[in-house]
Every structure is written in structure tokens, then in C-alpha cells.
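Each chain, written out:
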Amino acid sequence: MADTALVLGGGGAVGGAWMAGVLAGLADAGVDVSGADTVIGTSAGAVHAARLTSGVGTGELYGGQLAGADPVDVGVTWAQTARFLWAALGSRDPRRSVQRLGRAALTARTGPESVVHDTVGTLLGGVRQWPERELRITAVDARTGSLEVFDASSGPTLLEAVAASCAVPVVWPPVTAGGRRWMDGGSRSTANLHLARDHRRVVAVAPIPRAVGPHPSAALQAAQLAGHGVRVSLLVPDRAARRAMGRNMLDDSRRPAAARAGHAQAVALAESVAGVWFG
């Protein structure tokens, strides 16, 4: 069993900003979790995970959010929202729910895949190669609904893997890699904590505690890990952070406030996180 894992969940531009604040706040309080043996990233968390494991520091991630660097203009219509909810909530069976979402993603009229690659490429900055460190990126097969975990040995490039993990169903088209079509890694679970079950100590940062539909929450997955003897610290937005983040996780103007709220929350929780990380 490996030692430490850092799990970074999905949450759009605003959730990603809060996450960057959390990571920087922990580091500033003496609990730098960015050096985990394994980093697992989903959607927005995949972007931060790729950058962290490639040598970008938590301070730089945080500073970029405060400065509003690399804004992402993703407009979501009411029709897109309604179609997403209709697909995700149309079945109480988790497998059927994600398959419905996949069908909606494959048939939706969206822009070309190049838009996803270009946007994610901007967010990654100069990072393009898989790092030497253990990095796991999640994506969901849009045709079957199965979860895939990409790493340096999987075949897709790092950009392809992160773009696949960020391909929000109905809003962005599924991303092609390895002859298959992939959608957002958070379609089944926003954080995928279960992928860290082979570690002793886990810190998970989940901007959105659960996916839309009949899927397990981050809290449930954390409890299941704990039941198997894993020491887990799960961080989700507190009330102040939720106010700062607002309801639209793609509202780029909210990023600085969300990042500051994440930083403040992390400083306040650093002692309890340290008990898991260094215990």
C-alpha cells in the first residue's frame, strides 16, 4: 500500500479557484499536500493535478486565480442545463443515469473538440508532458458510462487526458482519445475518492460534494475509505466559501473571491488536515 494521495475533484472555473486557494492555504499553514505520492485529478482538479505534479507550486496556482489569469468563457444556456438534468436525473440507477448522460453528450450540438483542447491547453500553461510523478486523470466513456483512469502508460497525451476529464456533457463535446469518446470524469463521481483506496493517508479537495444524479457523494466515498483503514481528510466548501462561489460554477468573475475563501478555510482547517497528513 502506498503512503499519501491527494485527490482533487471537479468544480468548474469557480470550484477550481476555491481549490487553488485551499491548496495554497494549507501550504501557507505548514501542510503542503502537493508532494503526495499520488495525485488524482477529475475535471478542474485534473488541470491543477497536472500542473502540481509538473512542478507548478501552490502559490502560483493561487496567484493566478487572484489575478484572474486565463479566463474561460463558457456560456451555458437554459436548454443545455435542462438537457443535462433530464439525462442525469432520468434514472435512479447509477449506471443508467451516466449512460443517459453519455447519449445526451454524444448527440448534443456543441462546438468542435478543438475548442476543448484549446481551452484546456491554455489552462495547463506550458505543461504538456506526463510528469515523472504518479498522476491519475479520470474520464468517463461517453458510450458505455465506464470510468477510466489515465496515467503516463495509458496512451493518450496529457492534454488529451485532461481535456477528456474536463469535457462537460452537453456543454462541450466528448473528446476523442484512443479511438473512444470521453466525457467529464466527474459525471459519475465529482471527486473519485475510491481511486485512492490503495493509500494509507488521503487528503481530498472536492469543490462539488456530489455529482448530479444517483451517484455516491464524496462524503460517502471518504467514509468507505475510512472503513477500510485509510486515514482521510475531506475538504468541501464551507458556508462562507459557498457564498463567495455563488451558484454558477462557470462565472469567471467569482474566481478571486472563491480563491480567497478557499485559502481562509484551509488555514482554519490546517491543524485537522495535518493530523491526517502527518499522523
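Residues numbered from 1 in each chain as written. Predicted model: local features only at pLDDT ≥ 70, side-chain atom pairs only at ≥ 80, totals over all residues. Heavy atoms only, no water.

(A) Layout of the packing of aromatic side chains. Taken as a whole and assessed by the stated rule, the structure comprises 1 aromatic pair. Aromatic side chains Phe-150 and Trp-182 sit 5.1 Å apart centroid to centroid with 80 degrees between the ring planes, which places their arrangement in the edge-to-face category. Of the two residues, Phe-150 sits in strand β4 (residues 147–150) while Trp-182 sits in strand β6 (residues 180–184), which places them 32 residues apart along the sequence. Judged by relative accessible area, Phe-150 falls into the buried class, the value being 3%. Note that Arg-100 overlies the ring of Trp-86, its terminal NZ or CZ placed 4.2 Å from the centroid. (Phe/Tyr/Trp six-rings, centres within 6.5 Å; stacked < 30°, edge-to-face > 60°. Helix = DSSP H or I, 4+ residues; strand = E, 2+ residues; numbered from the N terminus. Buried < 20%, exposed > 50% of the residue type's maximum accessible area, 1.4 Å probe, protein only. Lys NZ or Arg CZ within 6 Å of the ring centre and 35° of its normal.)

(B) Examining the packing of helix α3 (residues 58–66) against helix α10 (residues 255–277) more closely. Taken N-terminus to C-terminus, the directions of α3 and α10 make an angle of 140 degrees; their axes are 7 Å apart at the nearest point. The pairing of α3 with α10 is recorded here as oblique in orientation. Residue-level inspection shows Tyr-62, Gly-64, Gln-65 and Leu-66 of α3 in contact with α10, the latter providing Arg-255, Pro-256, Ala-259, Arg-260 and His-263. In the contact of α3 with α10, the residues fall into 4 nonpolar, 3 polar and 2 charged. (Axes fitted to C-alpha atoms, helices over the stretch in contact; angles between N-to-C directions. Parallel < 35°, antiparallel > 145°, perpendicular 65-115°, else oblique. Contact = heavy atoms within 4.5 Å. Nonpolar A, V, L, I, M, F, W, Y, C, P; charged D, E, K, R; others polar.)

(C) Representation of the UniProt feature "domain: PNPLA" (unreviewed entry) in the protein chain within the structure. The sites that carry the UniProt feature "domain: PNPLA" (unreviewed entry) are, in the present numbering, residues 7–197. For residues 7–197, the end-to-end C-alpha separation is 11 Å, with 43% helix and 14% strand making up the annotated structure. (UniProt positions renumbered as here; feature names shortened; annotations may be inferred.)

(D) Molecular detail of α10. Its 23 residues place the ends of α10 only 27 Å apart at the C-alpha level, less than the 33 Å of an ideal helix rising 1.5 Å per residue. For α10, the principal kink sits at Ala-270 and spans about 60 degrees. (Expected span 1.5 Å × (residues − 1). Bend = angle between axes of the 7 residues up to and from the residue.)

(E) Quick peek at the packing of helix α2 (residues 44–53) against α3. α3 packs onto α2 with a crossing angle of 135 degrees between their chain directions and a minimal axis gap of 10 Å. With respect to each other, α2 and α3 are oriented oblique. Two secondary-structure elements touch here, α2 through His-48, Arg-51 and Leu-52 and α3 through Thr-58, Glu-60, Leu-61 and Gln-65.

(F) View of the pairing of strand β1 (residues 2–8). By the criterion of burial, β1 is predominantly enclosed, with 5 of the 7 residues buried. As defined by bridge partners, β1 adjoins strand β7 (residues 199–205) across 6 bridges and the pair is classed as parallel. Pairing of Leu-6 across the sheet is with Val-203, part of β7. Summarising the sheet, β1 and strand β2 (residues 38–41) pair through 4 bridges and their orientation is parallel. Along β2, the bridge assignment pairs Val-7 with Ile-40. Handedness of the crossover joining β1 and β2 through helix α1 (residues 12–28): right-handed. (Pairing = 2+ DSSP bridges. Right-handed = clockwise from strand over helix to strand, strands pointing away.)

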